[in-house]
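Each chain is listed here by its residues.
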Amino acid sequence: AEGNVCSPTFSYNGMQYIITMWESKDAMREFFSSEAQANAMAHLNRVSCYAKVHEYVTKGLPSKGIAINEWRKDGQRVYGEPKGECGDMTPKECFWCSLFNE
């Protein structure tokens, strides 16, 4: 997307994460209000039962650990509820997440 500097993805404890870095808040907000984002969000529930997002401003790309801690502390639920098996504190060997990773 225009204004997107990078979007690394990673898996941690059976959960999938993406960190998006933007040239500006305006570029980020323009994308998140776009038709492309709306279409992606409409299909996200096909591969997940729970989604949570967090926006914050920082200089440079945060480490995975910092990003996860910020997300856990201040993230906003988009849909679904955290499950014991696949919630914010998913155990390393999560059956449902292992199906997603196959």
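Just above, that's the structure.
First, a word on scope: everything that follows refers to the structure included in this document. Only a predicted model underlies this, so the values are computations on that prediction, with no experimental measurement involved.

Cut-off values and rules
- Per chain, residues are indexed from 1 in the order of the written sequence.
- In keeping with the predicted nature of the model, local features appear solely for residues at pLDDT of at least 70, side-chain atom pairs appear and are counted solely at 80 or more, and the whole-chain, interface and lining totals rest on all residues.
- Side-chain calculation: all heavy atoms of the structure are included, whereas hydrogens and water are not.
- Numbering of helices and strands starts at the N terminus; helices are DSSP runs of H or I of at least 4 residues and strands are runs of E of at least 2.
- Relative accessible area decides the class of each residue, using a 1.4 Å probe on protein chains only: under 20% of the type maximum gives buried, over 50% gives exposed, and in between gives partly exposed.
- Throughout, a contact is declared for two residues whenever any of their heavy atoms are within 4.5 Å.
- Methods summary: accessible areas were calculated by the Shrake-Rupley approach with a probe of 1.4 Å, and residue burial reflects only the protein chains presented.
- For Phe, Tyr and Trp, rings pair up if their centres lie within 6.5 Å, where Trp contributes its six-membered ring, and each pair is then called stacked (planes under 30 degrees apart), edge-to-face (over 60) or tilted (otherwise).
- Nonpolar cores were defined as sets of buried Ala, Val, Leu, Ile, Met, Phe, Trp, Tyr and Cys residues, with membership established by side-chain atoms within 4.5 Å.
- A patch consists of residues exposed above 30% relative accessible area that lack any salt bridge, with like charges linked at up to 9 Å and nonpolar side chains (Val, Leu, Ile, Met, Phe, Trp, Tyr) linked at up to 5 Å.
- By definition here, a salt bridge exists when the distance from a side-chain nitrogen of Lys or Arg to a carboxyl oxygen of Asp or Glu is within 4 Å.
- His residues and chain termini do not enter the charge count, which takes Lys and Arg as positive and Asp and Glu as negative.
- In this description, the location of a charge corresponds to atom NZ of lysine, CZ of arginine, CG of aspartate or CD of glutamate.

### Re the overall build of the chain
- In terms of regular secondary structure, the chain is built from 4 helices and 6 strands.
- Counting the 102 residues in the chain, one finds 24% classified as buried.
- Across the chain, the fraction of contacts at a sequence separation of at least 24, relative to all contacts at a separation of at least 6, is 50%.
- Just so you have it, the chain exposes about 7300 Å², and 53% of that area is on carbon and sulfur atoms.

### Description of the packing of aromatic side chains
- Throughout the structure, instances matching the rule amount to 5 aromatic pairs.
- With a centroid separation of 5.1 Å and 10° between ring planes, the pair formed by Phe-10 and Tyr-17 is classed as stacked. Residue Phe-10 shares its accessibility class with Tyr-17, and that shared class is buried.
- An aromatic cluster of at least three residues, connected via ring pairs, comprises Phe-10, Tyr-17 and Trp-71.

### Regarding the nonpolar core
- Ranked by size, the top nonpolar core spans 7 residues in total: Phe-10, Met-15, Tyr-17, Ile-19, Ala-67, Ile-68 and Trp-71.
- Residue assignment for this core shows that the elements contributing at least two residues are strand E3 (15-18) and helix H3 (64-74).
- Ranked by residue count, the leading element in this core is H3, at 3 residues.

### As for a negative patch on the surface
- A grouping of Glu-2, Glu-23, Asp-26 and Glu-30 is seen on the molecular surface, where their side chains present a negatively charged patch.
- Inspection of the secondary structure assignment puts Glu-2 in the segment before strand E1 (4-6).
- Look at Glu-2 and you get exposed, because its relative accessible area is 77%.

### Some thoughts on the pattern of salt bridges
- Applying the stated rule across the entire model yields 2 salt bridges.
- Between Arg-29 and Glu-55 there is a salt bridge, and its shortest N-O distance comes to 3.1 Å. Of this pair, Arg-29 sits in helix H1 (residues 25-32) while Glu-55 sits in the loop between strand E5 (50-53) and H3; the two residues are 26 residues apart in sequence, bridging distant segments of the chain.
- Note that Asp-74 and Lys-73 form a salt bridge whose closest N and O atoms lie 3.8 Å from each other.
- Given the relative accessible area of 38%, Asp-74 is considered partly exposed.

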